[in-house]
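# Coordinate analysis (summary)
Now for the letters of each chain:
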Amino acid sequence: MSQNDPILSVRDLHIAYRTGSGRTVTAVRGVDFDLYPQQSLALVGESGCGKTTLGLGLLRLLPKLGYVSGGSISYRGPTGTVTDVLGLSGRSLRRWRWSEVAMVFQGAMNAFNPVMKIIDHFADTIRAHRVDGKKASRKEIRDRAATALESVRLEPDRVLSSYPHELSGGMKQRILIALALLLEPQVIVLDEPTTALDLLTQRAIVDMLHELRQRHGFAMIFVSHDLPLASELADRVATMYAGRIIESGTVHDVFTRPRHPYSVGLIKAVPPVRAGADEPMSIPGSPPDLAALPTGCAFRSRCPYADDECGEIDPELEPVIQRPEGLSHETACLRWQEVGLSKPADREAVKQ
């Protein structure tokens, strides 16, 4: 497989949930992106914007009431074979998961079966997802589990014989990453990988993920509301709002010169670490109800740049900076040329 070919391609993806009242809520709307080999993509945004739903949808792991209502997901394996992910089912889907694309779920504290030892979690993963379908011996399971645990800097002899409650939160998070790496997938999706961990443990997890990416060469998608974390781990950033990607680009593009007012608001809401820096500012208002989205741009009621046209048109992503191989800077905003210009006179000049 060429480095110029995307390993994962998502086109016009829609994901919806059925509610108890019979309504349908679309949580992901028309998402498009390409993920390239060894690339790291961060999905950022407020809670409820569709980040986790998108991550779960990529592996077809949506909860019972969730379903993909439209679009396509294509996976290109190491041999160049393209798999229609939405066309997989049964055993073929189960074996595609973890052997090709794996996930680290949010909430390491509650991600394990409390009455199973850690070695049994590894055994279940190998037996359910290995591609060749052969029955794994106890020795093979232990050897592979030990190798995976050593790669995340844990002592296998202590961990494998333990129950989840006997381990710290940081250890559980590392075990989840080891489980994701167990069958050597090409893509790993991580949902809030440092949530509820102290700062020192977060730092250790970030350093470990850098090391693992260099060693194993996997591509990575991680869901986070932590912008400093995204700036460290990601090559690209996609900002999500109301189920859509409304800006995407390299970390440098999005964090140093954002072109969507929502991205600007997220960055301004991060507490500063430098003395004398501007105080953090929250974004006014609340995200819209996904079951009753307004006409036009979903962000317009919270946007300082909005005008009458924004109430009529829901803008598509358009290039701000065109680059090859999925590195373009794109935004879905009618007023993107004005964003970042602090002086009203400058903004009026752009409009004219």
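Analysis parameters
- Residues numbered from 1 in each chain as written.
- Predicted model: local features only at pLDDT ≥ 70, side-chain atom pairs only at ≥ 80, totals over all residues.
- Heavy atoms only, no water.
- Helix = DSSP H or I, 4+ residues; strand = E, 2+ residues; numbered from the N terminus.
- Rg over C-alpha atoms; globule rule 2.2 N^0.38 Å.
- Buried < 20%, exposed > 50% of the residue type's maximum accessible area, 1.4 Å probe, protein only.
- Contact = heavy atoms within 4.5 Å.
- Areas by Shrake-Rupley, 256 points an atom, 1.4 Å probe, with all protein chains shown as cover.
- Lys, Arg positive; Asp, Glu negative; His and termini not counted.
- Charge placed at Lys NZ, Arg CZ, Asp CG, Glu CD.
- Pairing = 2+ DSSP bridges.
- Axes fitted to C-alpha atoms, helices over the stretch in contact; angles between N-to-C directions.
- Expected span 1.5 Å × (residues − 1).
- Phe/Tyr/Trp six-rings, centres within 6.5 Å; stacked < 30°, edge-to-face > 60°.
- Lys NZ or Arg CZ within 6 Å of the ring centre and 35° of its normal.
- Core = buried A, V, L, I, M, F, W, Y, C linked by side-chain atoms within 4.5 Å.

### What about the overall build of the chain?
- A count of helices and strands for the chain gives 11 helices and 12 strands.
- For the chain, whose C-alpha radius of gyration is 21 Å, the value lies close to the compact-globule estimate of 20 Å for 352 residues.
- Across its three principal directions, the C-alpha atoms of the chain cover 70 × 50 × 45 Å.
- The 352 residues of the chain split such that 49% are buried.
- Partitioning the contacts of the chain with sequence separation of at least 6, the portion at a separation of at least 24 is 65%.
- Accessible area for the chain stands at about 16800 Å²; split by element, carbon and sulfur atoms hold 50% of it.
- Between the mean site of the 41 positive side-chain charges and the mean site of the 42 negative ones, the chain shows a separation of 6 Å.

### Describing the sheet that holds strand 12 (residues 329-331)
- Read across the sheet, 8 strands follow the order 6-7-8-3-9-10-12-11 without closing on themselves; strand pairing throughout is mixed. Pairing within the sheet leaves two strands with one partner each, and these edge strands are strand 6 (101-104) and strand 11 (318-321). Going from strand to strand, the sheet's axes swing by 20 degrees on average, the running direction of each strand aside.
- By the bridge criterion, 3 bridges tie strand 11 to strand 12 in an arrangement that is antiparallel. Bridging across to strand 12, Pro319 finds its partner in Glu330.
- Along the sheet, helix 6 (residues 169-181) makes contact with strand 6 and strand 7 (187-191), crossing strand 6 at roughly 170 degrees.
- Strands in contact with helix 10 (residues 261-268) are strand 9 (236-241) and strand 10 (244-250); relative to strand 9, the strand with the most contacts, it is inclined by about 105 degrees.

### Re helix 6
- With 13 residues, helix 6 should reach 18 Å at 1.5 Å per residue; the first-to-last C-alpha distance of 19 Å fits that figure.
- Among the 13 residues in helix 6, 13 count as buried, and that is most of the element.

### Some thoughts on the packing of aromatic side chains
- According to the stated counting rule, one finds 5 aromatic pairs in the structure shown.
- Measuring from centroid to centroid gives 4.6 Å for Tyr241 and Tyr262, while their planes differ by 55 degrees, and the two rings are tilted. On the criterion of sequence distance, the pair formed by Tyr241 in strand 9 and Tyr262 in helix 10 is long-range, its members being 21 residues apart. Like Tyr241, the residue Tyr262 is buried in the burial classification.
- Counting every residue linked through ring pairs, the aromatic cluster contains Tyr241, Tyr262 and Phe299.
- Cation over ring: Arg18 sits above Tyr67, and NZ or CZ is 4.1 Å from the ring centre.

### Considering the sheet that holds strand 2 (residues 24-35)
- Taken in spatial order, the 4 strands of this open sheet run 2-1-4-5, and their pairing is antiparallel. The sheet is open, and its two edges are formed by strand 2 and strand 5 (82-84), each paired on a single side. Strand-to-strand twist across the sheet, computed as the mean angle between neighbouring axes with direction ignored, equals 10 degrees.
- Those strands touched by helix 1 (residues 51-58) are strand 1 (8-18), strand 2 and strand 4 (66-76), and its axis lies near 115 degrees from that of strand 1.

### Side note on the nonpolar core
- In terms of nonpolar packing, the biggest core is built from 102 residues, with Phe33, Phe122, Ile175 and Ile177 touching the most fellow members.
- Examining the composition of this core, we find that 8 residues originate from one element, helix 6, more than from any other.
- Excluding its chain neighbours within four sequence positions, the residues that come into contact with Ile175 are Phe112, Ile118, Phe122, Leu149, Leu154, Val159 and Leu167.

### Topic: the environment of Leu317
- Relative to the elements of secondary structure, Leu317 occurs in the loop between helix 10 and strand 11.
- It is 5.8 Å that separates the C-alpha atoms of Leu317 and Glu330, two residues lying 13 residues apart in sequence.
- The contacts of Leu317, once residues within four sequence positions are left out, are Arg244, Ile245, Ile246, Glu247, Glu330, Thr331 and Ala332.

### Focus on the environment of Arg127
- Position of Arg127 relative to the elements: it lies in helix 3 (residues 118-129).
- For Arg127, a relative accessible area of 49% corresponds to the partly exposed category.
- Sequence separation between Arg127 and Ile177 is 50 residues, and the spatial gap between their C-alpha atoms is 18 Å.
- With sequence-adjacent residues up to four places away left out, Arg127 is seen in contact with Ala136, Arg138 and Ile141.

### Let's talk about the pairing of strand 9
- Buried residues dominate strand 9, accounting for 6 of its 6 residues.
- Judged by which residues are buried, strand 9 turns out to be covered on both faces: Arg236, Ala238 and Met240 on one side and Val237, Thr239 and Tyr241 on the other are all buried.
- As defined by bridge partners, strand 3 (residues 40-44) adjoins strand 9 across 4 bridges and the pair is classed as parallel. When the sheet's bridge partners are listed, Val44 is paired in strand 9 with Thr239.
- When strand 9 meets strand 10, the two strands line up antiparallel, connected through 6 bridges.

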